[in-house]
Structures are given as structure tokens and as C-alpha cells.
Amino acid sequence: MLYIYTGDNSQFLDQGQTHRIQTQANQQYKVSYDDQGEELVKGASVGWVNHDLLLQYPDGTQLILEEFMLNCQGADSCSVSLPDITLNTYNTLSNTFEVTEDSDDKLKLLSELLYNPEQIKIDGIHLQLDQAATLGDPIVLQRLLELGIEVVDQQITEVEAFVGASEDGLFITEAEDVVEISPQPTLSISLADSALKIGETSLVTFSFSEAPLGFSAADISMTNGSLSGLSVTGDAKVYTATFTPDINTEADTNVISVAANWINNAGVIGVPASSSNYSIDTLAPTLTISLSDNNLLVGETSVVTFSFSEVPVGFSIGDINVENGSLTGFSVTADAKVYTATLTPDSNIDDGSNTISVSASYSDAAGNLGSAVSSTNYSINTVTPTVIVTMADTDLAIAETSLVTFTFSEGPQGFTSADISVDNGSLSGFSVTADPSVYTATFTANANVEDSSNLISVGTGYTNAAGNSGTGSSSANYSIDTLAPTVAISLADTALKIGETSLVTFSFSETPVGFSQSDVTVENGSLSGFTVTADDKVYTATF
């Protein structure tokens, strides 16, 4: 367990993590294994990040003392205890300053020259100022120029500065060797796939100019996704990870970035880096199917609209399945996300459960497949109702009637006796039976009618429950004979005397059935020779 001890209190440090401590004037800082600052942790690498003092330990623990340069100046001096740092060199951006027995004074002088903190109390230290922050600072540049050190392209081109001390004060001399500034280590971030869609991931490669120290997943930020499996490859300068985009995301502008929290072996802070842009489309296209008419009857059609969330790729009429009907006029509208077609239901169909469905064969421009979709339910009734008219008696004579039955294919709507026409007769007792699809009535033939060709007919004024108009229908033929036959009897001689006879003629209005001599009554005489003539409506006899 590690602690940061400040004299007044201690704070627990998670090993392997980065911790930030806001510095205060006149404060002592110790990193120890105990909470009293007695057993100090060895092996720290020390550097500067702008105004912050960075302590990096071998186990990956990093401690950033924020604003150390600003808060620990002049009379408000601070101290950092690091027990194992040797005092043979003091390195700032690879400029070497010789350190002798009076190293604390020389470090103090260098600090005053570069950034003027009052004093850094260290019993052995290897310090490194951040190149970009320090050498780009006009105050630092001015101080270096005052020392006779010229900075060109962030490289010190003059001689090494030797910091000495005497009883009269601090002084700076020149040494013979020229030391150049080490460049900051760099990083390049690349993605194997820069256009990601649903189900895809990309290998991300982090290529450093030199092996990094302190680099971890915590240093990496990204938009609209996450990294997994971060690891170093066989080449210590190359790390890889797998990038997985967030779901339901459509974003054209995204980058993966690494902060400057890592260093090289010399302790130089790396340059922040970002990948080139990558696009994400993990938003699956959707579809809604709607019908202008959900209840289709005989002769009706419906406009079907296919509305996509984005312009579909590969959508055709072959992707559509229609129950009990067919589509015509399939086309895209002025809005490329909307298609229409006309649904025509099949004939003679009575089905209350039907849908139009589209298979999952279309995609968006990124290649994401859409889901299979179905419309809401629609009903079809293209069955035309029919009626059959039957008569119990199709050969009617005087005083006879017949039961007439009207049998419909389904219960009729709006059917009345006014829809019925009758030849040579009339209906009575018109009513529906226990079966709502069957009606009955009694037919009575007109009197004095003789007609062998007659019909009872039903018109198209009724409908079925869906509203489809019925078809007209007629009964089979029936005959009527309500005309009573008549007979005229005439005698050839109506004044008979002894020895005379008279021909008697029986003339019927129509051929008689069952007529015989016994049907004839004769007064004061008798008949003989009773017979039918060539005209079967005429009989003769002799009186």
C-alpha cells in the first residue's frame, strides 16, 4: 500500500493509478509505504508537465503535484523527499548540469533561472522539464538567452551550462561539450477499418517512436465506442486494442486520442496524438408499412406505403409478400425513403386476417441490414353473396299455393319482400327463419290464369355484412292453370218427332280429362255412339 504524506495528514494511493494532488505553499511531500512518511518509496522518475511536478514509480503509480512551480516559490518553498536519486547529474531536456557537493544551491539557482520556484528540497534527484511547455515559454527563453544559451527549433545549440557556487553567490560558467535536446517521443494511431457498421470492430494500432513508459488504457479517449484487449505486441513500441462502436449510433466524425501521460526511457513526456477520422453507422434501418384502406370489399383497392428511416439499398417488389392479393404500380416517391404500390385483393376471398410483409433483405448505405417487417392487419371480403329461390310446388292449379324458400350464401342485409318479383301470383307470410340466411313466403297464383312459364326473381338490393352487393337470382319455372274448363252442348235438331234422332255435340274450352258418357244426363231420351272427334276438345253422340 502506498501513501502520500504531507506532514499534516496522509492519503492512500491506488497502486498503478494516476493521482493528482493540489500543492500548497510551505508543504512537505513524501511517498511512503506507511501513513507517517517514514518508509519512503524508491525508484521515482521525476519530470515536469507545464507547472506540475510528475513523479512516476516502477509499479505504474503516477503522482502529479499540480501547480508545484507556481505555489512553491519564494518564501513559500516546498520539499519533495526522494531517497534514492543520485546527485551526479541534473538533467533538464537532456541538457546536463554538473552537480557538486553544493547541489542544492545549484538546483536552486537553475530553478530560479528557469521558472523561479524558491527551492526544491531534494536529497538526490533526476528532474526533467517538459520540452514543449518549458522551451516554448517566453520567460524560459529569455532566461536561457540571458545565460548565453540560444534555442533554435527547441534545440539548445550553445554550450553546456555549468552551475557553480561560491561564498559570494551563485555563478554560471560554460563547459566545452555541446548537448542537444532529445525530441519528444511521438505516437501514431491507426484503425484497420475506418467505416464501421453493425457487428463490426476494428483493430487499433498505437505505434510509438520509442517504447513508452506509463502508457495504459486510462490514457486513451474515444468517441462513440470502447476499447478492449489493450496489449503490447512483440514490438515494445507497438500496442494494439479492439475498438467496438456503440450501438444505435450514426456519426461521421470520430477520433481516438491519447493524452500526454506517458514518457520514454529518458523521462521525456510524449506528444498527445489522435487518430484520423473514422465513421460509425450502427443504426439499423427501419420500415413502417401502412395501408390507406384496411377493409377491402369487392372492387376496392388500397394504396400501400413503405416508409423507411433512411434511403434503402436493394429494396424491390420481390422483397414483399402479400396475403390474398397482389401489388401493382410499385415505385419510389419524390422522397427516396418512401415507396408506394396499389394492393388489389383476390376475388372470392373472405379473410379477416391478412398482412403485407417485407423480408430482411434491404440495407442502408452503410450496409446494415434492416429487420423483417409486417403491416398491421387488413381484412378482405370479396365474396359476392348469392341466393337460391325454390318452390315446393311448380305446377299450380285452382286453389293451390306453394311454399317459396330463399336460401342465401350468408345472412343478407336489407333484404325485404320489395326485392322480390312474382309472375302471375303474389307472396304472403314473408319472414326469416331460425337460420338468418333462409327466408320463406307463401305463393298464391292469380285466378283465371293459364301460363306454363313463370318465375320468382330476387334483385340486387341486398348485401352481405361486409357491404358487398348481392347477385340477382330466379326460381326454376313454374306453371299455373287457374282457368276452369267450360263445355257447350248443341243439338243438330231441336224438334224431334217419331223416328227422328239428333246429333249432340259437346264442345270443351280445352281438352277434358276424365270426361265420359256417364257424365251426361239426358231427359226423355238416350245417347248412343258417344265418341271423341279428331278434335280432342269435341265429343259427339246420337240422341
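Reading the values: rules and limits
- Residues numbered from 1 in each chain as written.
- Predicted model: local features only at pLDDT ≥ 70, side-chain atom pairs only at ≥ 80, totals over all residues.
- Heavy atoms only, no water.
- Helix = DSSP H or I, 4+ residues; strand = E, 2+ residues; numbered from the N terminus.
- Buried < 20%, exposed > 50% of the residue type's maximum accessible area, 1.4 Å probe, protein only.
- Contact = heavy atoms within 4.5 Å.
- Areas by Shrake-Rupley, 256 points an atom, 1.4 Å probe, with all protein chains shown as cover.
- Pairing = 2+ DSSP bridges.
- pLDDT = per-residue confidence, 0-100.
- Patch = residues over 30% accessible without salt bridge, like charges linked within 9 Å, V, L, I, M, F, W, Y side chains within 5 Å.
- Salt bridge = Lys/Arg side-chain N within 4 Å of Asp/Glu carboxyl O.
- Phe/Tyr/Trp six-rings, centres within 6.5 Å; stacked < 30°, edge-to-face > 60°.
- Core = buried A, V, L, I, M, F, W, Y, C linked by side-chain atoms within 4.5 Å.

In terms of regular secondary structure, the protein is built from 4 helices and 49 strands. Looking at the 543 residues of the protein, the share that counts as buried comes to 40%. For the protein, the share of sequence-separated contacts (at least 6 apart) that also reach a separation of at least 24 residues comes to 60%. Of the roughly 26,600 Å² that the protein leaves accessible, carbon and sulfur atoms contribute 49%.

Attention now goes to the pairing of strand β21 (residues 238–245). Summarising burial for β21: 6 of the 8 residues are buried, a large majority. In this sheet, β21 lies alongside strand β18 (residues 202–208) in antiparallel orientation, the contact comprising 6 bridges. By the bridge assignment for β21, Thr 205 is matched with Thr 240. Direction of pairing for strand β20 (residues 225–232) relative to β21: antiparallel, over a ladder of 6 bridges. Bridging across to β21, Ser 228 finds its partner in Thr 242.

The subject of this paragraph is the sheet that holds strand β17 (residues 195–197). Ordered by their spatial adjacency, 3 strands build an open sheet running β17-β25-β22, and the pairing between neighbours is mixed. The outermost strands of the open sheet, each flanked by one partner alone, are β17 and β22 (250–251). Relative to strand β25 (residues 279–281), β17 runs parallel, the two being bridged by 3 bridges. Pairing of Leu 196 across the sheet is with Ile 280, part of β25.

This brings us to the sheet that holds strand β39 (residues 420–422). What the 3 strands build is an open sheet, ordered β39-β43-β44; its pairing is antiparallel. Looking at strand neighbours, the two that pair on one side only are β39 and β44 (473–474), the edges of this open sheet. As paired elements, strand β43 (residues 456–458) and β44 share 2 bridges and run antiparallel to each other. Each bridged residue has a counterpart across the sheet, and for Ser 457 the counterpart in β44 is Ser 474.

The next thing to look at is the confidence of the model for the protein. A residue-level look at the protein finds 78% of positions with pLDDT of 70 or above and a mean pLDDT of 80. Contacts from residues 85–141, a stretch scored under 50 in pLDDT, to residues over four places away or in other chains number 150 contacts.

Taken together, the side chains of Val 487, Ile 489 and Leu 491 make up a nonpolar region of the molecular surface, amounting to roughly 260 Å² of accessible area. Tracing the backbone shows Leu 491 in strand β46 (residues 487–491).

Most of strand β49 (residues 538–542) is tucked away: 4 of the 5 residues are buried. Pairing between strand β47 (residues 503–508) and β49: 5 bridges, direction antiparallel. Within β49, the position partnered with Thr 505 by the bridge is Thr 540. In terms of strand pairing, strand β48 (residues 528–532) meets β49 through 3 bridges, oriented antiparallel. Note on β49: the bridge partner recorded for Val 532 is Tyr 539.

With that settled, the discussion passes to the pattern of salt bridges. In this structure the tally under the stated criterion is 3 salt bridges. The residue Lys 337 makes a salt bridge to Asp 335 at a minimum N-O spacing of 3.5 Å. Between Lys 537 and Asp 535 there is a salt bridge, and its shortest N-O distance comes to 3.6 Å.

To continue, consider the packing of aromatic side chains. A full pass over the atoms with the stated rule returns 31 aromatic pairs. Taking the centre distance of 5.0 Å and the plane angle of 65° together, the rings of Phe 443 and Tyr 478 count as edge-to-face. Residue Phe 443 is located in strand β41 (residues 438–445), and its partner Tyr 478 is located in strand β45 (residues 478–481); the two are separated by 35 residues in the primary sequence. Comparing Phe 443 with Tyr 478 shows no difference in burial state: the two are buried.

Among the nonpolar cores identified, the biggest contains 21 residues, and Phe 306, Leu 343 and Ile 356 are the most heavily contacted of them. Elements with a minimum of two residues in this core: β26 (287–291), β28 (302–308), β29 (320–322), β31 (338–345), β33 (356–358) and β35 (378–381). Apart from residues lying up to four places away in sequence, Leu 343 is in contact with Leu 291, Leu 296, Thr 301, Ser 302, Val 304, Val 322, Gly 325, Ser 326, Leu 327, Ile 356 and Tyr 378. Within the second largest apolar cluster, 19 residues are counted, among which are Leu 396, Phe 415, Tyr 462 and Tyr 478.

Positionally, Ser 202 belongs in strand β18. Overall, Ser 202 belongs to the buried group, its relative accessible area being 2%. In contact with Ser 202, other than residues within four places in its own chain, are Leu 191, Ala 192, Asp 193, Leu 196, Ala 241, Thr 242 and Phe 243.

Further remarks concern the environment of Ser 307. Tracing the chain through its elements places Ser 307 in strand β28. A residue is classified by how much of its surface remains accessible, and Ser 307, at 30% relative accessible area, is partly exposed. The spatial distance from the C-alpha of Ser 307 to the C-alpha of Thr 288 is 5.2 Å, given a sequence separation of 19 residues. Beyond its immediate stretch of four places on either side in the chain, Ser 307 contacts Thr 286, Leu 287, Thr 288, Lys 337 and Val 338.

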